[in-house]
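Fold and contact review
Okay, here's what each chain looks like letter by letter:
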Amino acid sequence: MYGLYNCDGAQDYYNSVINMYASWGVDFIKCDDICVTEFRKWDNPYSADYEIEMLRKAIDSCGREIVLSLSPGPAPREKAEHLTENANMWRLTGDFWDKWEPLYGMFSKCKEWEGVGCEGNYPDCDMLPLGRISKNGTCHGAQNRYTDFTKPEQYTLMTLFGIFKSPLMFGGNMPENDDFTLSLLTNAEYLKMHKTCKNSRELLREETDNKGKIIWMADGNGCKYFALFNTGDKESEISLNLDKNKEYKALDIWDNKEFAVKGITFTAKVEPHGAKLYKFS
């Protein structure tokens, strides 16, 4: 593809390809190696923008709604406006796998892209490497393994990706899901949050040597969502500051437990590398 925009008939070529996909009933196109500058060190930074625009024009003229996903990352933050105008999803990092270090790094990426996403345009944290993965290869670990994420880390993954409103693309072999993996993917209150919440933002980050606490929040329909993350290697208490004059009805989304909260602070115990997710009404 690279350099194709300089050729006569380049747009016609893209139109022909997308029209063919549309005739097949395609709803989703993932274009690889296009939104990251590292692949194009010999060229101007992000010079793939011409090709991204041609893809957008081809999709808009094909007569079918098709989601355009750009991969891999890191997509340049300074190109957020261009990405929003031309793509539906764009990757924030390289390929994401089931190790704590890249999951921890995603907190900074989500903060970097805070406030950019809107309906139809989503910064993409990449797939959910959960359940049975690497069926036919040794991708960042043993072949045919269950995810290397601990259960607390899986809660962190789902909680961060959910409250940030990253697209949720499952990366495991669904027929081999265990009950725990299935519970993460089918939690109704979680899916409601992911679909409806707005204004997702980092509320607090207090860490020393990459260990400490991070809090994200988002606005819901008549409620607030709070995500409490423990990035340390020991159980920790994490507190929220509240309006002392109000009483809240709270829901622990992962444990599906309701309770009342009244007072100036709310404190929860969070496992190492784990997360708690709450809905406050």
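Shown above is the structure to which this text applies.
Fair warning: this is a prediction, and the values are worked out from it, not measured in the lab.

**Some details on the pattern of salt bridges**
Taken as a whole and assessed by the stated rule, the structure comprises 19 salt bridges. As a salt-bridge pair, D95 and R91 come within 3.0 Å of each other at their nearest N and O atoms. The class for R91 is buried, based on a relative accessible area of 2%. A single network of salt bridges, built from pairs that share partners, joins D98, K99, R145 and D148.

**Comments concerning helix 2 (residues 49-60)**
With twelve residues, helix 2 ought to run about 16 Å at 1.5 Å a step, and its terminal C-alpha atoms sit 16 Å apart, in line with that. Looking at helix 2, one finds that the buried residues are D49, E51, I52, M54, L55, R56, A58 and I59. Residues of helix 2 that are buried in the fold lie against helix 1 (10-23), strand 1 (28-31), strand 2 (67-70) and helix 3 (80-86).

**Remarks on unusual backbone geometry**
A cis amide bond links S71 to the next residue, P72, at an omega of -20°. Structurally, P72 can be placed in the loop between strand 2 and helix 3. For the bond running from G73 to P74, omega is 5°, close enough to zero to count as cis. Among the structural elements, P74 can be located in the loop between strand 2 and helix 3. Unlike most non-glycine residues, D209 shows phi in positive territory, near 55°. In this fold, D209 is placed in the loop between strand 7 (198-208) and strand 8 (211-219). Given a relative accessible area of 69%, D209 falls into the exposed group. Of note in this structure, N256 is not a glycine but carries a positive phi near 55°.

**Structural notes on the packing of aromatic side chains**
Considering all chains together, one arrives at 19 aromatic pairs under this definition. The interplanar angle of 90° and the centroid separation of 6.1 Å between the aromatic rings of F259 and Y278 together place this pair among those described as edge-to-face. One end of the pair, F259, is in strand 12 (residues 257-262); the other, Y278, is in strand 14 (residues 275-280), and 19 residues separate them in sequence. Owing to a relative accessible area of 28%, F259 belongs among the partly exposed residues under this scheme.

**Section: the nonpolar core**
Counting 62 residues, the largest nonpolar core has L70, W90, W113 and W216 as its most contacted members. With seven residues, the single largest contributor to this core is helix 5 (residues 151-164). Excluding anything up to four places from it in sequence, W90 contacts L70, A75, L83, T84, W113, V116, N121, Y122, P123 and D124. Membership of the second largest hydrophobic core comes to 15 residues, among which are M217, L228, I238 and F266.

**Side note on the pairing of strand 9 (residues 224-230)**
Strand 9 sits mainly inside the fold: six of its seven residues count as buried. Connecting the antiparallel pair strand 8 and strand 9 is a turn made up of four residues, with G222 showing a positive phi of about 75°. Bridge count for strand 9 against strand 14 is six bridges, and the pairing is antiparallel. Bridging across to strand 14, A227 finds its partner in L277.

Cut-offs used in this document
- Residues numbered from 1 in each chain as written.
- Predicted model: local features only at pLDDT ≥ 70, side-chain atom pairs only at ≥ 80, totals over all residues.
- Heavy atoms only, no water.
- Salt bridge = Lys/Arg side-chain N within 4 Å of Asp/Glu carboxyl O.
- Buried < 20%, exposed > 50% of the residue type's maximum accessible area, 1.4 Å probe, protein only.
- Helix = DSSP H or I, 4+ residues; strand = E, 2+ residues; numbered from the N terminus.
- Expected span 1.5 Å × (residues − 1).
- Contact = heavy atoms within 4.5 Å.
- Phe/Tyr/Trp six-rings, centres within 6.5 Å; stacked < 30°, edge-to-face > 60°.
- Core = buried A, V, L, I, M, F, W, Y, C linked by side-chain atoms within 4.5 Å.
- Pairing = 2+ DSSP bridges.

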